[in-house]
Amino acid sequence: MVLNTPEFFESIKQPEDLEDVGRSVQNFINKNSTKRIVFVTSGGTTVPLEQNTVRFLDNFSEGSRGATSAEEFLAHGTSVIFLYRKNSLRPFRRIGRSAIDGLEIKNNKVVCNSALESQLKADLETASRVNDEGTLLEVPFTTVDDYMFYLRKIAILLSTVSVTPFIYLAAAVSDFYIPQSRVSEHKIQSRDIGNLVIELDPVPKLVFDLVNQWTPKAVVITFKLETDASILTKKAHDALAKYGHQMVVGNLLQTRKYEVILWYSHRNVLGIEDEMEFYNENVVKGASIGASKQSDVIDEFKISKTDRIKNIESLLVSTILKEYETQSQRLLRSQFKNRGAAGI
């Protein structure tokens, strides 16, 4: 049985520092009140099997999409609240794992090739600016319980900002959890129980609460990862219809680093009706090669699987921001036209 939202929060453990995190977020919002704030979630959530945790359930997410996307949003001049799994990848601290391919030894010295040098220079310049301007706030979590409490707290605080916030839900959140009432206090003793049988309860989908109650004025982008291409489109469309948010980023496990699909709601990114089709689809795969299909908008991109410097997130983020600005201009033109027709 899926619990409703209040029942779910009563069944999980509130992090001890929740109010401290809330104060830090509010201070960050106050200092960045004139800028657009993007709330990025990143990394996987754990499901502890014990309160004094030795064992836990986890997923393979290391936070690459969230960390890279946060860098891209910061490079575009937005402020970012980065809710990330502790010890996962973080903005401007992730390139080391792939940089080895851009390094070589010359004259007994380690040097980097021009592509890596250019990327590192750009990242260092952005990181320096972000640090000087104070436009990045990082909030770590570990468990699914932590994540849900922080998500709700930060989303509600963002509901008061004057510049439309973006909420970019890239974290790989557990679909199942164990209520605190059933979590063992101490380490489960294997010799005492024989076979270990774990009963997991479904985690309720809180996107509806986020979109319609916590931060109703935000532009919300969710993610859908599947292994079966035949169900990806339907699940993305179903999510948009069910939760009423603006965008879904879909990807397949096998090609997630090189290809994503961006679906827009029929309300478009501003939540207003217009002449667009019920769904517009943007296929984002790297450098543009362009295509069109009937009245849908489809931009196809492609990056090489061997290119460790380029990333798909730069195209995804720029497409999202460009679409929002395009629709903003349309709304302004429509308002101006209506004011003129009314003789205002």
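Whatever comes next refers back to the structure up there.
One structure accompanies this document, and this report is about it. (Residues numbered from 1 in each chain as written. Predicted model: local features only at pLDDT ≥ 70, side-chain atom pairs only at ≥ 80, totals over all residues. Heavy atoms only, no water.)

1. Describing the pattern of salt bridges
In a structure, side chains of opposite charge can pair up when their charged atoms sit close to one another.
Right, on to step 1. Tallied over the full model, the rule gives 15 salt bridges.
Right, on to step 2. The closest approach of N and O atoms between E19 and K153, which form a salt bridge, is 3.5 Å. Taken as a pair, E19 in helix α2 (residues 18-31) and K153 in helix α6 (residues 144-158) lie far apart in primary sequence, 134 residues in all.
Right, on to step 3. On the basis of relative accessibility, which here comes to 23%, the residue K153 falls in the partly exposed class.
Right, on to step 4. The closest approach of N and O atoms between R129 and E133, which form a salt bridge, is 3.3 Å. Placement of the pair is R129 and E133 together in helix α5 (residues 114-133), with a separation of four residues, close to one helical turn.
Right, on to step 5. Relative accessible area serves as the criterion here: at 44%, E133 is assigned to the partly exposed category.
Right, on to step 6. Salt bridges linked by common partners bring R90, R93 and E138 together as one network. (Salt bridge = Lys/Arg side-chain N within 4 Å of Asp/Glu carboxyl O. Helix = DSSP H or I, 4+ residues; strand = E, 2+ residues; numbered from the N terminus. Buried < 20%, exposed > 50% of the residue type's maximum accessible area, 1.4 Å probe, protein only.)

2. Observations concerning unusual backbone geometry
Right, on to step 1. Even without being a glycine, F92 presents a positive backbone phi close to 65°.
Right, on to step 2. Of note, F92 is situated in the loop between β4 (79-85) and α4 (96-99).
Right, on to step 3. Using a relative accessible area of 23% as the deciding quantity, one classes F92 as partly exposed.
Right, on to step 4. The backbone of N108 sits at a positive phi, close to 65°, despite the residue not being glycine.
Right, on to step 5. You can see N108 is positioned in the loop between β5 (103-106) and β6 (109-112).
Right, on to step 6. Residue N108 is classed as exposed on the basis of its relative accessible area, which comes to 77%.

3. Considering the environment of P91
Right, on to step 1. Secondary-structure assignment places P91 in the loop between β4 and α4.
Right, on to step 2. Taking the relative accessible area as the measure of exposure, P91 reaches 0% and is therefore buried.
Right, on to step 3. Each C-alpha atom, one on P91 and one on L136, is 9.2 Å from the other, the two residues being 45 residues apart in sequence.
Right, on to step 4. Not counting residues within four places of it along the chain, the set of residues in contact with P91 comprises A67, A70, E71, F82, L136 and E138. (Contact = heavy atoms within 4.5 Å.)

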